[in-house]
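Structure at a glance
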Amino acid sequence: MPHRAPDPLPRLDALDMERHLRDPRLKQAWVTPMFDLIAPRYDRFTRWFSFGMDRRWKSALVRLAAETVPRGACVLDVATGTGDLALGLLRVRPDVSVAGLDVSARMLAVASDRRRQEKAGLLLAAG
């Protein structure tokens, strides 16, 4: 199923960051657009910012999940972002079903592109 193109990029400079981050009722109105803006560069930045350590902790988490999740289970990756963990689990455990959930349409678009490249059966949903 083809995914819908994300809405136009939001403008964070139109929001009062301190007020939005201080008020739990407004916080998501700043956080989601921020992730939409950084989505295309998120993986590269995370790799650079963590000095490559993100690969190790993601690999350790995927390994732990692969050893723990029962055969044929359904796994939900909440805040899946670009789908790193969900796709990693599917690579080592093709017997499980994995769904990725995220509030950022642009992060899901990146995950969808990766899913298509890997021909993976990852279900993606916005929420």
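Quick summary incoming for the structure in this document. (Residues numbered from 1 in each chain as written. Predicted model: local features only at pLDDT ≥ 70, side-chain atom pairs only at ≥ 80, totals over all residues. Heavy atoms only, no water.)

As a packed pair, helix H5 (residues 84-92) and helix H6 (residues 105-118) sit with axes 10 Å apart at the nearest point and diverge in direction by 20°. Between H5 and H6, the angle is such that the two are roughly parallel. The handedness of the crossing between H5 and H6 comes out as right-handed. From H5, Asp-84, Leu-87 and Arg-91 reach across to H6, where they touch Arg-114, Arg-115 and Glu-118. A breakdown of the residues in the contact of H5 with H6 according to their chemical character gives 1 nonpolar, no polar and 5 charged. (Axes fitted to C-alpha atoms, helices over the stretch in contact; angles between N-to-C directions. Helix = DSSP H or I, 4+ residues; strand = E, 2+ residues; numbered from the N terminus. Parallel < 35°, antiparallel > 145°, perpendicular 65-115°, else oblique. Left-handed = near helix turned anticlockwise from the far one by under 90°. Contact = heavy atoms within 4.5 Å. Nonpolar A, V, L, I, M, F, W, Y, C, P; charged D, E, K, R; others polar.)

Counting across every chain of the model gives 10 salt bridges. Among the salt bridges present, the one from Arg-25 reaches Asp-23, with a minimum N-O distance of 3.1 Å. In this structure, the salt-bridge partner of Lys-58 is Asp-84, at a minimum N-O distance of 2.6 Å. Note that Lys-58 is positioned in helix H4 (residues 53-68) and Asp-84 in helix H5, a separation of 26 residues in sequence. Across the pair, exposure class does not vary: Lys-58 and Asp-84 are buried alike. A single network of salt bridges, built from pairs that share partners, joins Asp-43, Arg-47, Asp-54, Lys-58, Asp-84 and Arg-114. (Salt bridge = Lys/Arg side-chain N within 4 Å of Asp/Glu carboxyl O. Buried < 20%, exposed > 50% of the residue type's maximum accessible area, 1.4 Å probe, protein only.)

Where strand S1 (residues 74-78) and strand S2 (residues 97-102) come together, 5 bridges link them in parallel fashion. From the neighbouring strand, Asp-77 faces S2, where its bridge partner is Gly-100. Since S1 and S2 lie parallel, the crossover through H5 that links them has a hand, and here it is right-handed. (Pairing = 2+ DSSP bridges. Right-handed = clockwise from strand over helix to strand, strands pointing away.)

So, on to the environment of Leu-21. Topologically, Leu-21 is positioned in helix H1 (residues 17-22). Classification of Leu-21 as partly exposed rests on a relative accessible area of 34%. When the C-alpha positions of Leu-21 and Val-31 are compared, they lie 8.2 Å apart, and in sequence the two are 10 residues distant. Leu-21 has contacts with Lys-27, Trp-30 and Val-31, leaving out every residue within four places of it along the chain.

Bringing H6 into the picture now. Relative to the 20 Å expected for 14 residues at 1.5 Å per residue, H6 spans 20 Å between its end C-alpha atoms, a close match to the ideal helical length. Within H6, the full set of buried residues consists of Met-107, Leu-108, Ala-109, Ala-111, Ser-112, Arg-114 and Arg-115. In this structure, the buried residues of H6 make contact with helix H2 (27-38), helix H3 (42-49), H5, S2 and strand S3 (123-126). Two residues or fewer after H6 comes Lys-119, characterised by a positive phi angle close to 55°. (Expected span 1.5 Å × (residues − 1).)

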